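# Structure at a glance
The residues making up each chain are set out below.
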Amino acid sequence: MNVRQKPERTRLSAEDWEDAALSLIAEQGVGALAVEALARQLGVTKGSFYWHFRTREALLQAALERWEQYGEREIISQIEAIPDPRERLPELFRRVAHELQPHRVYAALLKALDHPLVVPVMARVSKRRTEFLHTAYSEAGMEANEALNRARLTYAAYVGFLQLNFTLGLPRLNHEEFDAYVEHMIATLIPA
C-alpha cells in the first residue's frame, strides 16, 4: 500500500487513489480525506479522480474495502495455510506486529467510529479477526469457550495497544523492546 508520486501524463488506477486515501487516513484521519489534497499529493488533476470515483464517499468506501481485503488476503489467508495449528498463532503475532501501515489505518478508523461508512467495515473486520483467533485457539487445543475468551482477550490487547501507541504515543518502544513485547504476548496468550 505504497503511495507514489505520478507524473500528470500517467493514468492513475483506482487502486492508486485508494492507496493514497489509505495513506492520508493513516496520517491524518478519515476527516482529512479530500479529493483536491490527494490530487495534489499524486501530482494530477481532480479529473483523474472522477475517472474512477463519483464522490469522496465512493473513494472512502473503496479504500476501506481495499484495507479490509488486504488484511484478509495478506495476513489471515497466509496464516490459515500453515498446516500445524500450534505454529499459526505465534506466526500471526510476529507477522501482524510488523505491519505498520494497516495498524495506522486501523487506529485512525477507531477514531472515526461515528462515520457511517467506517462502522460496518470495522464491525466486519473485528468479527472476522475474532473468529479467526477463536478457530486458531480451538485448533491449538483449547476448549471452545476458553478459546473464544482468549480470542477476545487477544483482540482487545491488540486494539488497546494500537490505541495507546497511535493515539497517545505510548509506550515508546525501540525495535528490541517491541520485539520483546511481541514475544511476551506470544508467551502470555498462546498455550504451550
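Rules used throughout
Residues numbered from 1 in each chain as written. Predicted model: local features only at pLDDT ≥ 70, side-chain atom pairs only at ≥ 80, totals over all residues. Heavy atoms only, no water. Phe/Tyr/Trp six-rings, centres within 6.5 Å; stacked < 30°, edge-to-face > 60°. Helix = DSSP H or I, 4+ residues; strand = E, 2+ residues; numbered from the N terminus. Buried < 20%, exposed > 50% of the residue type's maximum accessible area, 1.4 Å probe, protein only. Lys NZ or Arg CZ within 6 Å of the ring centre and 35° of its normal. Axes fitted to C-alpha atoms, helices over the stretch in contact; angles between N-to-C directions. Parallel < 35°, antiparallel > 145°, perpendicular 65-115°, else oblique. Left-handed = near helix turned anticlockwise from the far one by under 90°. Contact = heavy atoms within 4.5 Å. Nonpolar A, V, L, I, M, F, W, Y, C, P; charged D, E, K, R; others polar. Core = buried A, V, L, I, M, F, W, Y, C linked by side-chain atoms within 4.5 Å. Domains from an automatic or database assignment.

For the protein, an unreviewed UniProt entry supplies the name TetR/AcrR family transcriptional regulator and the organism Dyella lipolytica.

All right, on to the packing of aromatic side chains then. Evaluated as defined, the whole model comprises ten aromatic pairs. The interplanar angle of 75 degrees and the centroid separation of 5.4 Å between the aromatic rings of Trp 17 and Phe 49 together place this pair among those described as edge-to-face. Linking Trp 17 in helix 1 (residues 14-28) with Phe 49 in helix 3 (residues 46-52), this pair joins segments that are 32 residues apart in sequence. Of the two residues, Trp 17 and Phe 49, both sit in the buried class. Aromatic side chains Phe 178 and Tyr 181 sit 6.5 Å apart centroid to centroid with 35 degrees between the ring planes, which places their arrangement in the tilted category. One end of the pair is Phe 178 and the other is Tyr 181, both in helix 9 (residues 175-189) and three residues apart, which spans about a single turn. The class of Phe 178 is buried, set by a relative accessible area of 17%. An aromatic cluster of three or more residues is present, and its members are Trp 17, Phe 49, Tyr 50 and Phe 53. Residue placement shows Arg 11 over the ring face of Trp 51; its charged tip is 4.5 Å from the ring centre.

Another point: the packing of helix 5 (residues 85-97) against helix 9. Packing of helix 5 against helix 9 brings their axes to within 10 Å, and their N-to-C directions diverge by 155 degrees. Taken together, the axes of helix 5 and helix 9 are roughly antiparallel relative to one another. Once helix 5 is placed against helix 9, the crossing between them reads as right-handed. Within the contact between the two elements, helix 5 uses Pro 90, Phe 93, Arg 94 and Ala 97 and helix 9 uses Phe 178, Val 182, Glu 183, Met 185, Ile 186 and Leu 189. Taken together, the residues that form the contact of helix 5 with helix 9 break down as eight nonpolar, no polar and two charged.

Moving on: the nonpolar core. Among the nonpolar cores identified, the biggest contains 62 residues, and Trp 17, Trp 67, Leu 92, Phe 93, Tyr 106, Leu 109 and Tyr 137 are the most heavily contacted of them. At the level of elements, helix 1, helix 2 (35-42), helix 4 (56-80), helix 5, helix 6 (100-110), helix 7 (118-139), helix 8 (144-168) and helix 9 are the ones that each hand at least two residues to this core. Broken down by element, this core gets its largest block of residues, nine residues, from helix 4. Split by domain, this core shows at least three residues from each of two domains, domain 1 (14-67) and domain 2 (72-189). The residues contacting Trp 17, other than those within four sequence positions of it, are Leu 12, Val 35, Leu 38, Ala 39, Leu 42, Val 44, Thr 45, Ser 48, Phe 49, His 52, Phe 53 and Leu 59.

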